[in-house]
Amino acid sequence: MGSYIEINDALQLTTEQGFPTQLVLAKHLKKNFKASHFEGKVFSFVKPGIRIFHPAPLRVFLVHNIDGKWLYWGHANIIEQTIDAKRKITLGRFIITKIYTPEHQRNMSKYEVDKGKEFF
């Protein structure tokens, strides 16, 4: 008998799972977003599987999963997480603490992902 719990340092979300719809790459390239634009805003997510994220004050990488490609946006703090064992999902809330510049975002999304998941 055993259990399977995944520990994540990246909050990798599709839009449907709760990635913030305000973060749009085309807009970021025209006028860079900053974490201060999201101060006071709390976002919710739902992920399949039982997992644990590094809790605040430790950062997790904030990643948008777009059709299986990972677009790194910056850092987030997980301020709440709940495991629903019956449904085998993890729910939580997070705040955005850092937004990468487009150049840093491009590098992270190229080099810090598994082969085949590169956004650029």
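None of the values given here were measured: they were computed from a predicted structure.

Rules and cut-offs
- Residues numbered from 1 in each chain as written.
- Predicted model: local features only at pLDDT ≥ 70, side-chain atom pairs only at ≥ 80, totals over all residues.
- Heavy atoms only, no water.
- Pairing = 2+ DSSP bridges.
- Helix = DSSP H or I, 4+ residues; strand = E, 2+ residues; numbered from the N terminus.
- Axes fitted to C-alpha atoms, helices over the stretch in contact; angles between N-to-C directions.
- Contact = heavy atoms within 4.5 Å.
- Phe/Tyr/Trp six-rings, centres within 6.5 Å; stacked < 30°, edge-to-face > 60°.
- Lys NZ or Arg CZ within 6 Å of the ring centre and 35° of its normal.
- Polar contact = N/O pair within 3.5 Å; in protein donor to acceptor, adjacent residues only side chain to side chain.
- Salt bridge = Lys/Arg side-chain N within 4 Å of Asp/Glu carboxyl O.
- Buried < 20%, exposed > 50% of the residue type's maximum accessible area, 1.4 Å probe, protein only.

Engineer: Please explain the sheet that holds strand β3 (residues 43-48) as it appears in this structure.
Structural biologist: Whether parallel or antiparallel, the strands of a sheet pair through hydrogen bonds between backbone atoms. Spatial strand order, β2-β5-β6-β7-β3: 5 strands in an open sheet with mixed pairing. Among the strands making up the open sheet, the edge pair consists of β2 (10-13) and β3. Looking at each pair of strands side by side, their axes are set apart by 45° on average, direction ignored. As defined by bridge partners, β3 adjoins strand β7 (residues 89-99) across 6 bridges and the pair is classed as antiparallel. Residue pairing for β7: Phe43 is matched across the bridge by Phe94. Lying on the sheet, helix α2 (residues 102-111) is in contact with β5 (60-66) and β6 (69-84); it crosses β6 at an angle near 75°.

Engineer: Looking at this structure, I do not really get the packing of aromatic side chains. What am I missing?
Structural biologist: Within a pair of aromatic rings, the relevant descriptors are the distance that separates the centres and the angle that separates the planes. This structure, assessed with the given rule, holds 9 aromatic pairs. An aromatic cluster is built from Phe19, Phe33, Phe38, Phe43, Phe45, Phe53, Trp73 and Phe94, whose rings are joined through pairwise contacts. The ring of Phe61 has Arg59 lying over it, and the distance from NZ or CZ to the ring centre is 3.8 Å. In this structure, Arg106 is placed above the aromatic ring of Phe120, and the distance from its NZ or CZ to the ring centre is 4.1 Å.

Engineer: Help me understand the side chain of His75 in this model?
Structural biologist: With respect to the secondary-structure elements, His75 resides in strand β6. Side-chain polar atoms of His75 contact the side chain of Tyr100, separated by 3.2 Å. In this view, His75 contacts Arg59, Val60, Phe61, Leu62, Ile95, Ile96, Thr97, Lys98 and Tyr100; residues no more than four positions away in its chain are not counted.

Engineer: Looking at this structure, how should I read the pattern of salt bridges?
Structural biologist: If charged atoms from side chains of opposite charge come close, those side chains can pair. One pass over the structure, following the stated rule, counts 4 salt bridges. Between Glu80 and Arg93 there is a salt bridge; the shortest N-O distance is 3.3 Å. Residue Glu80 is found in strand β6, and its partner Arg93 is found in strand β7; the two are separated by 13 residues along the sequence. For Glu80, a relative accessible area of 40% corresponds to the partly exposed category. Notably, a salt bridge pairs Arg87 with Asp84, separated by 2.7 Å at the nearest N-O pair. On the basis of relative accessible area, Arg87 is assigned to the exposed category, the value being 52%.

Engineer: What am I meant to see in unusual backbone geometry here?
Structural biologist: The peptide bond linking Ala56 to Pro57 adopts the cis configuration, its omega dihedral lying at 15°. Mapped onto the elements, Pro57 comes out in the loop between β4 (51-53) and β5. Look at Lys88: it is not a glycine, yet its phi comes out positive at around 55°. Secondary-structure assignment places Lys88 in the loop between β6 and β7. Overall, the relative accessible area of 54% leaves Lys88 in the exposed class.

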